[in-house]
Each structure stands twice: as structure tokens, then as C-alpha cells.
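Residue-level structure breakdown
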Amino acid sequence: TAKVSVHVAAFNQEPYLAQCLESILNAGFDDIEILVFNDGSSDGTLAIAESFNARDCRIKAINSPENLGCTNAHKRMLDQTASPYVLILDADDILLPGNLIRQVGILDQVPSCVGVYGKMLRVDEKLNYLGSALGQPFSRFLLALHNPIGHCGTLFRRSAAIDAGGYFNPFNDPDFFCEDYFL
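Scope of this entry: the structure provided in the associated data block.

Calculation rules
- Residues numbered from 1 in each chain as written.
- Predicted model: local features only at pLDDT ≥ 70, side-chain atom pairs only at ≥ 80, totals over all residues.
- Heavy atoms only, no water.
- Core = buried A, V, L, I, M, F, W, Y, C linked by side-chain atoms within 4.5 Å.
- Buried < 20%, exposed > 50% of the residue type's maximum accessible area, 1.4 Å probe, protein only.
- Helix = DSSP H or I, 4+ residues; strand = E, 2+ residues; numbered from the N terminus.
- Contact = heavy atoms within 4.5 Å.
- Salt bridge = Lys/Arg side-chain N within 4 Å of Asp/Glu carboxyl O.

**Section: the nonpolar core**
Ranked by internal contacts, the top residues of the largest apolar core, which has 29 residues, are Val4, Val6, Val8, Ile24, Ile34 and Leu100. Counting residues per element, this core draws most heavily on helix 1 (residues 14-25), which supplies five residues. Val6 has contacts with Ile24, Ile32, Glu33, Ile34, Leu35, Leu87 and Leu89, leaving out every residue within four places of it along the chain. One finds Ala9, Ile62, Ala73 and Met77 within the second-largest nonpolar core, a separate group that totals seven residues.

This is the structure we're talking about:
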């Protein structure tokens, strides 16, 4: 079992998926499995995931013929992994080199910590920096007002997510996008 399971939910993400997967493979942390959940895409998303699987056995393509939505995709991936740590990325995200090493180090060193997140940086198609999107320091006070934690890029203990009830979609609606709210 890999130490980290990277979960990539993808719906019609053909233009971005390869760059996302390359960034994970080049992040400098090798004890990983990468689950790519093709969520009913009508473009070449599944073909890209399968081509990466043919190249690297740590990458597994999971195909849903219908669009289940992000919450249900993450629920299925969480159910399919035994890795102690889970990293969430969207198919249009890029993992910066060294980031995962630092996050794993924190969870390893602080057993009471259930998750580690950082800043999300916005970039354009040419990767020019456009500013910070999320990633304020955590405080319980801020959490009552808004969520300062970006779901994507957050590394968490799988056991903590399971103990919290996992991903929950109260309406079983594919458009329900608050997949991390109940965690």
C-alpha cells in the first residue's frame, strides 16, 4: 500500500490532465498511488488517464460512464484506497515540487494533526502567477465565517476522513460542489 493516495477527479479535463499528472509524478515523493476518476467525460480525459496508467502502474484510471459529480467521485476514490494519507487535486491543478514531501513530513511528525494545506496560487494558461486564491492561516473563528482551506492540495489522514463520515452528498446531486464541507 502506498503511503499517499492522490485523488484526481476529472470531468472533461482533457486540456489539463496530462500536466496535472506530470506535476504529481515530478513532485519528488514516490510512495504514491494516483487515482484518476473519469467522471463521465465526453472528451479525451479517460484516454489520457489510461495512457498514463500504461506508462506508470501507480496511476489507476477509474471510469464512470455517467457524471456522478465531484463529491461522489471523491467518495468512490476514498472507498478504493487503503493508503493512510490522501491528497486531493483537481485535474486542472498543478502540484509544486517538494510540496507533498513537506506535507507528509508534517503529518508524520504531528500525529494529532489530521490535515495539512497551503496556499492555492492562481495562474493563467502559460503558468503566469495571477495571485493567491485560498490558503489563509487556520482559525476556528474564520471557519465560522468562511472556509479558508482549499480542498485541492490538502493532504489528510484517511482514518480521520472515515471517522468524520467521509464524503457526504446529502442531495445525491452531481452538481453538489461542497464536497469538503462535511469533512
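**Brief notes about the pattern of salt bridges**
Side-chain pairs of opposite charge can arise whenever the charged atoms involved come near each other. Counted under the stated rule, the structure contains four salt bridges. Residues Asp108 and Lys3 are paired through a salt bridge, measuring 2.8 Å at the closest nitrogen-oxygen approach. Residue Asp108 is found in helix 4 (residues 99-109), and its partner Lys3 is found in the segment before strand 1 (4-10); the two are separated by 105 residues along the sequence. For Lys3, a relative accessible area of 25% gives the class partly exposed.

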